[in-house]
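Coordinate inspection notes
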Amino acid sequence: TKPESYLVSSFQFEEYMKTKAKHVNKALDEVVPLQEPVRIHEAMRYSLLAGGKRVRPVLCIASCELVGGDESQAIPMACAVEMIHTMSLIHDDLPCMDNDDLRRGKPTNHKAFGEEVAILAGDALLSLAFEHVAARTVHVSSDRVVRAIAELGSSVGSEGLVAGQIVDICSEGKQVNLRELEYIHVHKTAKLLEASVVCGAIMGGGNVSEVERMRRYARCIGLLFQVVDDILDVTKSSEELGKTAGKDLASDKATYPKLMGLDKAKKFAGELMDKAMKELEYFDAAKAAPLYHLANYIAYRQN
Ligand code: GRG
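Residues numbered from 1 in each chain as written. Predicted model: local features only at pLDDT ≥ 70, side-chain atom pairs only at ≥ 80, totals over all residues.

**Quick notes on the overall build of the protein chain**
Using the following cut-off: Secondary structure elements follow DSSP: runs of H or I of four or more residues count as helices, runs of E of two or more count as strands, with numbering from the N terminus. Each radius of gyration is computed over the set of C-alpha atoms, and the globule rule expresses the reference value as 2.2 Å times the number of residues to the power 0.38. Any residue with 12 or fewer other C-beta atoms within 10 Å of its own C-beta is exposed, any with 20 or more is buried, and the rest are partly exposed; the C-beta atoms used are placed from the backbone.
When helices and strands are counted, the protein chain shows 14 helices and 2 strands. Taking 2.2 N^0.38 as the reference for a compact globule, 303 residues should give roughly 19 Å; the C-alpha atoms of the protein chain span a radius of gyration of 19 Å, in line with that estimate. Counting across all 303 residues of the protein chain, residues that qualify as buried make up 44%.

Okay, here's the thing in structure tokens:
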């Protein structure tokens with residue numbers, strides 16, 4: 001599939017991402033000031049303001065604007081999804097989970113602050129996310145705020161991120177089939193992307209059919225995100241190794257290229273992209289431009 005065919009040429013995507021990310025970063029900086037107790041707020045800010053791509057908050061804002069809402073209605077929710085994303089990374093990096101030393105090119109939270117503080121920083125960010133949406137959302141009816149909070153909650157808990165993580169942990173050392181791999185990815189990665197998009201549409205005043213259409217779009221790009229990640233793992237490491245056997249094909253971690261072959265994985269990514277685009281066709285093309293480009297960015301990113 002040609003990426004160009006989806007692009008509305010006059011739309012400045014990089015400019016759009018930069019501007020929206022700047023708004024989100026400013027809001028996040030204000031939501032978590034360096035106050036007493038300094039140690040915990042320092043640790044929260046360290047990971048929250050560490051320079052992530054802000055894909056989830058930008059999706060949230062774009063989805064809100066697509067259905068006719070204003071950015072201001074989605075900003076607290078946009079901050080909340082980034083707080084939850086950040087806390088999931090902090091906990092994922094812990095010695096009892098993935099035991100990683102580096103994240104976004106910096107020492108992981110527990111390396112910088114110690115394990116106790118890292119666990120608490122994650123807990124505090126998770127709690128603050130829900131508090132912030134409930135307390136700070138303006139110009140949205142309270143029934144919409146409550147619906148969005150329920151949506152967000154289900155994407156994180158034992159039917160969401162946590163479900164993906166537990167199945168991933170329990171499958172360690174075992175052969176994972178395609179169905180199980182998809183379950184892990186849908187829950188660990190796609191659920192929060194889905195909540196970001198769906199909650200943006202709810203806050204922006206979308207009707208039920210618009211919200212559900214955006215959910216289907218998000219499910220496709222959520223899985224796409226991971227399939228592309230798996231493909232990049234293979235292609236990048238084979239480049240680094242100076243060809244053929246990619247690291248991922250050699251390691252025991254299940255990936256799409258490993259389970260279905262690289263060509264089929266690429267074809268699958270293309271199909272997910274097409275399906276996502278189909279959902280956007282229902283909307284005004286100019287208004288949907290950011291979401292076309294976001295899908296495109298996820299599909300064709302280089303890292
Ligand atoms: C959520 C209560 C709760 C606990 C956490 C550890 C855990 C349960 C879940 C793991 C979730 C996880 C680490 C999923 C992977 C998510 C993912 C695709 C990360 C990469 O996202 P990017 O590329 O990263 O958007 P940046 O750094 O740009 O933000």
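**Some thoughts on the site of the ligand**
Worth spelling out the cut-off: Nearness rests on one distance test: the residue's C-beta atom, set from the backbone, must lie within 6 Å of the molecule or strand. Three classes are used: nonpolar for Ala, Val, Leu, Ile, Met, Phe, Trp, Tyr, Cys and Pro, charged for Asp, Glu, Lys and Arg, and polar for all others, with Gly counted as polar.
Within the structure, the ligand sits among 17 residues, and Gly52, Lys53, Ser88, Asp92 and Gln165 are positioned closest to it. Elements with a minimum of two residues in the shell around the ligand: helix 4 (71-93), helix 8 (161-170) and helix 9 (178-203). For the shell around the ligand, the element with the highest residue contribution is helix 4, accounting for 5 residues. Of the residues assigned to the shell around the ligand, the class counts are 7 nonpolar, 6 polar and 4 charged.

**Notes on unusual backbone geometry**
Of the consecutive residues Glu36 and Pro37, the connecting peptide bond is found in the cis state with omega at -10 degrees. Although it is not a glycine, Arg54 adopts a positive phi angle of roughly 65 degrees. In this structure, Arg54 sits in the loop between helix 2 (38-48) and helix 3 (55-66). Take Arg54: there are 23 C-beta atoms within 10 Å of it, and that puts it in the buried class. Not every positive phi belongs to a glycine, and Asn99 is a case in point at roughly 55 degrees. Given 11 C-beta atoms within a 10 Å radius, Asn99 is considered exposed.

**Brief notes about the nonpolar core**
In a soluble, globular protein the nonpolar side chains are often hidden away together inside. The test is simple: To form a nonpolar core, buried Ala, Val, Leu, Ile, Met, Phe, Trp, Tyr and Cys residues must be joined through C-beta atoms within 7 Å. Placing a C-beta atom from the backbone of each residue, one calls two residues in contact when those atoms lie within 7 Å.
The biggest cluster of nonpolar side chains holds 80 residues, and the ones touching the most others in it are Cys60, Met77, Ile221, Leu224, Ala276 and Ala295. With 13 residues, the single largest contributor to this core is helix 10 (residues 208-240). The residues contacting Leu224, other than those within four sequence positions of it, are Ala269, Leu272, Met273, Ala276, Ile298 and Ala299.

**Section: the confidence of the model for the protein chain**
Using the following cut-off: Confidence of the prediction at every residue is given by pLDDT, a number between 0 and 100.
With 92% of its residues at a pLDDT of 70 or more, the protein chain shows a mean pLDDT of 92. In the model output, the complex is listed with pTM 0.93 alongside ipTM 0.95.

**As for helix 3**
The line we're drawing: What a helix should span is 1.5 Å times the count of its residues minus one.
For helix 3, which comprises 12 residues, the first-to-last C-alpha distance of 16 Å matches the rise-based estimate of 16 Å (1.5 Å per residue) to within 8%. Within helix 3, 12 of the 12 residues are buried, leaving the element largely enclosed by the surrounding structure. For helix 3, the set of buried residues is Val55, Arg56, Pro57, Val58, Leu59, Cys60, Ile61, Ala62, Ser63, Cys64, Glu65 and Leu66. Looking one or two residues past helix 3, Gly68 carries a phi angle of roughly 100 degrees, positive in sign.

**Some remarks on the packing of helix 1 (residues 13-31) against helix 4**
For any two helices packed against each other, the geometry comes down to the angle between their axes and how far apart the axes lie. This is how the line gets drawn: Lines fitted to C-alpha atoms define the axes here, with helix axes fitted over just the stretch in contact, and angles between the N-to-C directions of these axes take values from 0 to 180 degrees. What sets the label is the angle itself: under 35 degrees gives roughly parallel, over 145 gives roughly antiparallel, 65 to 115 gives roughly perpendicular, and the rest give oblique. The crossing is said to be left-handed when, going from far helix to near helix, the turn is anticlockwise and less than a right angle, and right-handed when the turn is clockwise.
Two elements in contact, helix 1 and helix 4, have axes separated by 10 Å at closest approach and are oriented at 70 degrees. Between helix 1 and helix 4, the angle falls in the class roughly perpendicular. For the pair helix 1 and helix 4, the sense of crossing is right-handed. On the side of helix 1, the interface is formed by His23, Val24, Ala27, Leu28 and Val31, while helix 4 contributes Glu71, Ile75, Ala78, Cys79 and Glu82.

**Looking at the environment of Ser127**
With respect to the helices, strands and loops of the structure, Ser127 is situated in helix 6 (residues 115-136). For the pair Ser127 and Ala80, spaced 47 residues apart in sequence, the C-alpha separation works out to 9.5 Å.

**Thoughts on the environment of Ile166**
Along the chain, Ile166 turns up in helix 8. Judged by the 14 C-beta atoms lying within 10 Å of it, Ile166 is partly exposed.

**Quick notes on the packing of helix 3 against helix 9**
Put simply, helix 3 and helix 9 touch, their axes get as near as 7 Å, and they point 30 degrees apart. Of the possible angle classes, the one that applies to helix 3 and helix 9 is roughly parallel. Like other packed secondary-structure pairs, helix 3 and helix 9 cross with a definite hand, here right-handed. Residues Arg56, Leu59, Cys60, Ile61, Ala62, Ser63 and Cys64 of helix 3 form the contact with helix 9, whose participating residues are Leu192, Leu193, Ser196, Val197, Cys199, Gly200, Ala201 and Met203.

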